[in-house]
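Spelled out from the first residue to the last, the chains are:
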Amino acid sequence: MRTGGHEFEPGLAGNPGPPARGQPSDEGRRARLTAGRCPGVAARATLLWVALVAACRAAPVEPCPAAGLAADRAPLVESTSRFDSAFAAAGAEFHVPPTVLKGIGWVETRWQMVEGAEEFAGRPPAFGVMALRGVALERGAALAGVTVAAARRDPVANIRAAAALLDAYAGEAAIDRSHSEPWSVVVARYSGIELAEGRATYGREVDRALGFAAARAAPAGTAAAPAACPPPPASGGAPDYASAVWRASPNFNQRPADSTGAMHIVIIHTCESNYTSCWSWLVNPASQASAHYVVNEDGSEASQLVLERDRAWHIAALYDCTLNRRHDCWLNGVQSNHFTVGVEHAGFVSQDSFPASQIEVSAALVCDVTRDRGIPRDWQHIVAHGQLQPGDRTDPGPHWPWIAYVHRVQARCGEVVVDDSAAFNDPALAAAAVPGTWTASDSTPDYYGGGYRWALTQPGATDGAVFSFRLAAAGPRTLDARWTSGTNRSSRAAYAVITVAGDTLAVVRQDQTTGGGRWHTLGTWTFPAGWNRVVLLQRDVSGAVVVADALRVRE
Amino acid sequence: MPWRAPYLALSLALLVLGACQRDEPRQRVRISSSGANAGVPLLVPPGSQDTGFVGTTSAVHRPRPGRPPRILRAVDARASPGYDRITFEFTGDSLPGYHVEYTSGPVRRCGSGDPVAVTGAAKLLVRLEPAQAHDERGNATLTERDRTLGLPAARDLKLVCDVEGQVEWVLGVAVAGPYRVSELAGPARLVLDVRHGQ
């Protein structure tokens, strides 16, 4: 809903162009964001306020505490919103800081007009760049003197209605606007969030947007406007993934103690909502649902809701191996939550693409999970919710970049896999050349990718299946081979390890009659930069099957 | 010029710090909760006293892809002459897609996968999509999520799914009799009538 806004109508002033000359670089903005000094101000005597102000005063030039994932990541927002002139005008008209409007707009909609306005004539969940909803929208529209319809569809009216509403809230909270007052109270009310932690997160997200805006607005050569200290952690420190925020959900139970409870599949979901809505609901006992993790829209934050060792509630389906390349059919009929780790992503099945930053953070998270739990990084073990539950689920949808995603998970874990099929390879790093006489098959399960190729050994064969991998720099690598096993396989399949210079480093024999579907180490060698390769030879005493499935190269 | 930089900086600091304060006023955005429309008479469509409607026992499927999810704010169940009526009321004037079907298999909660039992000889599934029975802030818009109805046909009504844009109910009915599904506007409602007896 929030990611699918239509383009802003022309005519409203707003400059999405490049930053003005002299504005700080991205690096400079990041530095200021993470090292912003706290303003030395008198403040209301809440404990938190006193403590934080005291801390900031005690060390006026020390950086504020790093804010978890966001601290070393690119800023959330662009320098200029398409709605800046509307924020400024509405702010001046209703005596609300335009940056507050801008920050709320960023958090609510990423400065997009929420789509579907014409479809709803009644009481929608949210409208416009300010995500006004329900009675708040009606009240804001009345206060701003615009129609409800205009407040839904017209950006200027929408922002004015929000400003008028904030103005009213500020008045009801008896804010003295001639002095600095806690607009946070007003913003918290605007958020409509009941949960205290949810309100805090909302405020933190608004702050992140505002802090950035303040830094960006600083003229060249001057100190950035001091950004507020981020609030104390909620950030980081999750038990199984330290970069994530720990937001414990009550919606879990124990995994079975027997083999059905051994976690070995990661399930990828989309929330069909924004991030805050997603985790807020999944920590509410009323939802009767959860996931182990939720990744936000741009990857600047992830939450852990349930310990990995516990059974989160993220998939209804009983396992059916025919939906998963006939992998682990002994688990058929077992409830899938028993042995899976669920990762939700803010967003929608229907969105056209997923931000690269979200994919990257998700990949880093899933690398961590698979490494810690010994889960293979392939398409049987990192799967879609919709794949395992096709009757009523499609998430994460057709635009989840599966091949690139698994490659990123592998890369985060320091490995590259060369499949027998180009479709599953990153052509910059991996390539396979299998003679056309080898037969493609997927009849024996537990292959890597979409299948494998096989051939009968022949004493006179002169070629083999070539798995090539490119190294940018010389260095040691450990190689592992994978096959599908069967009694007709070769017990002495020969893998020749050959450098880019043509030097054969070793010929390693493996017994393919057993051990299918797992990686088997060939050895560790130092390779030169360039395309090195492993050749699975067809030449041997005749009559055995050799299976070319995949090669793994790891640091 | 009221928005000078120091003022802004101060405002921003207060904005963030104040978000953690405990004494701030709260805005309740819950649209409808306990009682689920109790005591509020619902409009009934013309012909609602049609006690002899034919109906169907087959699946009724009306997909409406897209987003955002429609928010389910109230569910009402009451007996009428000849049938029981379940009314699902949404915010706004548009309905989600729906799929209504008798099922013989076990019904499971979509999160935990736990089986859900209802009374009655048959189970009628009502799936609404895209829909949710909670608001954008993680607050439930319905508090009665497992209800004993005790009506002549409709015995139990349990919410088995409310996540990822999908809301699913299971209705325990006395016998797998004919039903009909109709749509009403102002506000948007989906009406499920289940005939009494055979």
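Residues numbered from 1 in each chain as written. Chains lettered and ligands numbered in written order. Predicted model: local features only at pLDDT ≥ 70, side-chain atom pairs only at ≥ 80, totals over all residues. Heavy atoms only, no water.

Caption draft 1: Looking closely at the overall build of chain B. A count of helical and extended segments in chain B gives one helix and 13 strands. Per-residue burial for chain B yields a buried fraction of 60% across its 198 residues. Counting only contacts in chain B whose residues sit at least 6 apart along the sequence, the fraction spanning at least 24 positions is 71%. (Helix = DSSP H or I, 4+ residues; strand = E, 2+ residues; numbered from the N terminus. Buried < 20%, exposed > 50% of the residue type's maximum accessible area, 1.4 Å probe, protein only. Contact = heavy atoms within 4.5 Å.)

Caption draft 2: Representation of the sheet that holds strand β13 (residues 189–195) of chain B in the model. Residues and elements named next belong to chain B. A sheet is described by the order of its strands in space; here five strands give the open sequence β8-β2-β3-β13-β12, paired in mixed fashion. Sheet topology places β8 (131–132) and β12 (179–184) at the edges, where each strand pairs with a single neighbour. Taken together, the six bridges between β12 and β13 define a ladder with antiparallel strand orientation. Counted as the bridge partner of V181 is L192 from β13. (Pairing = 2+ DSSP bridges.)

Caption draft 3: Spatial organisation of the confidence of the model for chain B. Residues and elements named next belong to chain B. When the pLDDT values of chain B are averaged, the result is 80; 74% of them are 70 or greater. Confidence drops under pLDDT 50 across residues 1–6; counting only partners more than four residues distant or on other chains, this segment forms eight contacts. Of the regions scoring below 50 in pLDDT, residues 12–47 engages in 94 contacts with residues more than four places distant in sequence or in other chains. Scored by ipTM, the complex comes to 0.73, with pTM at 0.67. (pLDDT = per-residue confidence, 0-100.)

Caption draft 4: The arrangement of the nonpolar core in detail. All names here are of chain A. One finds L101, I104, M130, L132, I159, Y190 and Y202 to be the most contacted residues of the largest nonpolar core, which totals 41 residues. Those elements that place two or more of their residues in this core are α3 (84–94), α4 (98–109), α5 (134–144), α7 (155–172), α8 (183–191) and α9 (196–217). When neighbours within four sequence positions are excluded, M130 is seen to be in contact with F87, L101, I104, G105, E108, N158, I159, A162 and Y190. (Core = buried A, V, L, I, M, F, W, Y, C linked by side-chain atoms within 4.5 Å.)

Caption draft 5: Spatial organisation of the side chain of D240 of chain A. Residue and element names in this part refer to chain A. Here D240 is to be found in the loop between α9 and β1 (245–246). At a separation of 2.8 Å, a polar atom in the side chain of D240 contacts the side chain of Q304. Reaching out from D240, the side chain makes a polar contact with the backbone nitrogen of E308 at a distance of 2.7 Å. Not counting residues up to four positions away in its chain, the partners in contact with D240 are Y293, Q304, L307, E308, D368, D372 and R373. (Polar contact = N/O pair within 3.5 Å; in protein donor to acceptor, adjacent residues only side chain to side chain.)

Caption draft 6: Broad picture of the packing of aromatic side chains. Residue and element names in this part refer to chain A. Evaluation of the coordinates by the stated rule reveals 16 aromatic pairs over all chains. Ring geometry for W379 versus F424: centroids 4.9 Å apart, planes at 70 degrees, classification edge-to-face. Of this pair, W379 sits in the loop between α11 (356–373) and β8 (382–384) while F424 sits in the loop between β9 (415–419) and β10 (430–433), and the two are 45 residues apart along the sequence. Judged on exposure class, the residue W379 and its partner F424 are both buried. (Phe/Tyr/Trp six-rings, centres within 6.5 Å; stacked < 30°, edge-to-face > 60°.)

Caption draft 7: Up close: helix α13 (residues 402–412) of chain A. Every buried residue belonging to α13 of chain A is among W402, Y405, V406, H407, V409 and Q410 of chain A, and all of these are buried. Where α13 of chain A ends, the next residue or the one after it, G414 of chain A, has phi of about 75 degrees, a positive value.

Caption draft 8: View of the sheet that holds strand β19 (residues 545–548) of chain A. All names here are of chain A. Reading across the sheet, the three strands line up as β11-β12-β19 and stay open at both edges, with antiparallel pairing between neighbours. Edge positions in the open sheet fall to β11 (439–441) and β19, since each of these has one partner strand only. Here the strands of the sheet are splayed against their neighbours by 35 degrees on average, with no regard to which way each runs. Taken together, the three bridges between β11 and strand β12 (residues 452–456) define a ladder with antiparallel strand orientation. Note on β12: the bridge partner recorded for S441 is Y452. (Axes fitted to C-alpha atoms, helices over the stretch in contact; angles between N-to-C directions.)

Caption draft 9: Region of the structure containing the pattern of salt bridges. Residue and element names in this part refer to chain A. Counted by the stated rule, this structure contains 27 salt bridges over all chains. E415 serves as the salt-bridge partner of R552, at 3.8 Å between the closest nitrogen and oxygen. Of the two residues, R552 is situated in strand β20 (residues 550–554) and E415 in strand β9; the sequence distance between them amounts to 137 residues. Taken individually, R552 and E415 each receive the classification buried, so the pair is uniform in this respect. (Salt bridge = Lys/Arg side-chain N within 4 Å of Asp/Glu carboxyl O.)

Caption draft 10: Spotlight on the pairing of strand β7 (residues 340–345) of chain A. Residue and element names in this part refer to chain A. Of all six residues in β7, six are buried, a share of seventy percent or more. In β7, alternate side chains face the same way, and those of T340, G342 and E344 on one face and V341, V343 and H345 on the other are all buried. As paired strands, strand β3 (residues 265–268) and β7 are joined by four bridges and run parallel to one another. Residue pairing in the sheet places V266 in a bridge with V341 of β7. Where strand β4 (residues 293–295) lies against β7, three bridges are found, and the strand directions are parallel.

Caption draft 11: Expanded view of unusual backbone geometry. Cis geometry marks the peptide bond from E129 of chain B to P130 of chain B, where omega comes out at -5 degrees. By secondary structure assignment, the location of P130 of chain B is in the loop between β7 (122–129) and β8. Here the residue pair G186 of chain B and P187 of chain B is connected by a cis peptide bond, since its omega of -5 degrees sits within 30 degrees of zero. Here P187 of chain B is to be found in the loop between β12 and β13. With a phi close to 60 degrees, H95 of chain A is a non-glycine residue in the positive phi region. Residue position: H95 of chain A is located in the loop between α3 and α4.

Caption draft 12: Fine view of the packing of α3 of chain A against α7 of chain A. Residues and elements named next belong to chain A. Two elements in contact, α3 and α7, have axes separated by 9 Å at closest approach and are oriented at 35 degrees. Every pair of crossing elements has a handedness; the one defined by α3 and α7 is right-handed. Of the residues in α7, those touching α3 at A86, F87, A90, E93 and F94 are V156, I159, R160, A163, A164 and D167. (Left-handed = near helix turned anticlockwise from the far one by under 90°.)

Caption draft 13: Focus on helix α10 (residues 275–282) of chain A. Of all eight residues making up α10 of chain A, eight are buried, and the element is well covered by its neighbours. For α10 of chain A, the complete set of buried residues consists of Y275, T276, S277, C278, W279, S280, W281 and L282 of chain A.

Caption draft 14: Representation of the state of the cysteines within the structure. If you walk through the whole model with that rule in mind, you get four disulfides over all chains. Residue C321 of chain A pairs covalently with C329 of chain A via a disulfide, S to S 2.0 Å. When the S-S torsion is 85 degrees, as for the bridge of C321 of chain A with C329 of chain A, the disulfide is right-handed. Take C321 of chain A: its relative accessible area is 3%, and that puts it in the buried class. Between the sulfur atoms of C110 of chain B and its disulfide partner C161 of chain B the distance amounts to 2.1 Å. (Disulfide = S-S within 2.5 Å.)

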